[in-house]
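# Chains, contacts and geometry: an overview
Given next are the chains, with one letter for each unit.
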Amino acid sequence: SQIDLHTLYGGVVPEIASRKHIEKINQVVRKALADASCTLDDITAVAVTYGPGLVGALLVGVAEAKAIAYAAKKPLVGVHHIEGHICANYIENKELEPPFLCLVASGGHTHLVKVADYGKYEIIGRTRDDAAGEAYDKVARAIGLGYPGGPKIDRIAREGNPDAIKFPKANVDGAKYDFSFSGLKSAVLKMKGESFDPADIAASFQKAVVEVLVEKSMQAAEDYSMRKFAIAGGVASNTALRTAMEAACAKRGIQFYHPSPIYCTDNAAMIGAAGFYEYLAGTRHGWDLNAVPNLKLGER
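Residues numbered from 1 in each chain as written. Predicted model: local features only at pLDDT ≥ 70, side-chain atom pairs only at ≥ 80, totals over all residues. Heavy atoms only, no water.

The helix and strand tally for the chain stands at eleven helices and seven strands. Taking 19 Å as the expected radius of gyration for a compact globule of 300 residues, we find that the chain reaches 20 Å, a close match to that expectation. Each principal axis of the C-alpha distribution contributes one length, and for the chain these read about 60 × 45 × 35 Å. Relative to its 300 residues, the chain shows a buried fraction of 48%. Within the chain, contacts between residues separated by at least 24 positions form 73% of all contacts whose residues are at least 6 apart in sequence. For the chain, the computed accessible surface area is about 14,600 Å², with 53% contributed by carbon and sulfur atoms. Across the chain, the centroid of the 34 positively charged side chains sits 2 Å from that of the 34 negatively charged ones. (Helix = DSSP H or I, 4+ residues; strand = E, 2+ residues; numbered from the N terminus. Rg over C-alpha atoms; globule rule 2.2 N^0.38 Å. Buried < 20%, exposed > 50% of the residue type's maximum accessible area, 1.4 Å probe, protein only. Contact = heavy atoms within 4.5 Å. Areas by Shrake-Rupley, 256 points an atom, 1.4 Å probe, with all protein chains shown as cover. Lys, Arg positive; Asp, Glu negative; His and termini not counted. Charge placed at Lys NZ, Arg CZ, Asp CG, Glu CD.)

Written out as structure tokens, the structure is:
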């Protein structure tokens, strides 16, 4: 993890992240192989994230994956980052099979995705401005909690009153599954200098975010007649969101799935899971595979 390094700057610095990737990637690959008690001869294919994301960090991973695949004479399978988050649900929930609905909530994305089949996705809702995780980070910084914001707000919110402050919940005209968190974020930032307990602000802010995520997710599940619902992404490790979503699904008789917190944040296991299904579907990439920082879900 690079959290300690980026905490010095209040958030991720892309150039530093990329340089650290270069420094550490060979060590990480060697350790992964050693921990799994296998060699490159034992693996079937090499899967790698090629988008979306920070272009420098993506380039390091893609270059490494191409080099390993070429040297070991293994197929190369490029994976979409968001597909990886969705597929994190398969790691522990062996019984989960498409079709299902998935909320992907992270620092860069807030998507409601209809998973029609393995590797087949339809985005039915998305954020129009800030992603949920981005709003968490900015609000945490504004009330003096620092980086990373998500876990810190989650923790301090347990000590606060979620009804202390009534924050706005935005609806997007003509797009009932879309999200908007910029107004909520701005409402919190406007309170600078006012005498409110940071725990109350955190709890009230979190309540507003969670209620919107749950309401829109359940509306979509009902409209699309989905009986299975999953969450994914860094914000999916938030205890308030998990508890509220589990209760909402139970009330409607919907099966609820979620990865363990360790699989919610960016990780190689989720890309391996997505790569497995892409490999079975025949996805192969050539040595011209490149990083695509704005890659759309479902693109090849």
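This next bit is on the side chain of K216. Tracing the backbone shows K216 in helix 8 (residues 198-223). Here K216 sits buried without a salt bridge, and the closest side chain of opposite charge, E215, lies 7.1 Å off (N-O distance). Setting aside anything within four residues of it in sequence, one finds K216 in contact with L112, A170, N171, K176, Y177, D178 and F179. (Salt bridge = Lys/Arg side-chain N within 4 Å of Asp/Glu carboxyl O.)

Relative to the helices and strands, T283 resides in the segment after helix 11 (268-280). A polar side-chain atom of T283 sits 2.7 Å from a polar atom in the side chain of E278. (Polar contact = N/O pair within 3.5 Å; in protein donor to acceptor, adjacent residues only side chain to side chain.)

Along an α-helix, a turn takes 3.6 residues, which lines up residues three or four apart on a common side. For helix 4 (residues 81-92), the buried fraction is high: eleven of the twelve residues fall into the buried class. Turning to helix 4, its buried residues number three or more, namely H81, I82, E83, G84, H85, I86, C87, A88, N89, Y90 and I91.

On to the packing of aromatic side chains. Evaluated as defined, the whole model comprises nine aromatic pairs. Each ring, one from F276 and one from Y277, has its centre 5.0 Å from the other, and the planes form 80 degrees; the classification is edge-to-face. Residue classification places F276 among the partly exposed residues on the basis of a relative accessible area of 46%. Taken together, the ring pairs in this structure connect Y90, F100, Y118, F276 and Y277 into an aromatic cluster. (Phe/Tyr/Trp six-rings, centres within 6.5 Å; stacked < 30°, edge-to-face > 60°.)

Before going further, it helps to examine the state of the cysteines. Under the counting rule described, the total for this entry stands at zero disulfides. Free cysteine C102: the closest other cysteine sulfur is in C87, separated by 9.2 Å. Here C264 is not cross-linked by a disulfide; its sulfur's nearest cysteine counterpart is in C102, at 10.0 Å. (Disulfide = S-S within 2.5 Å.)

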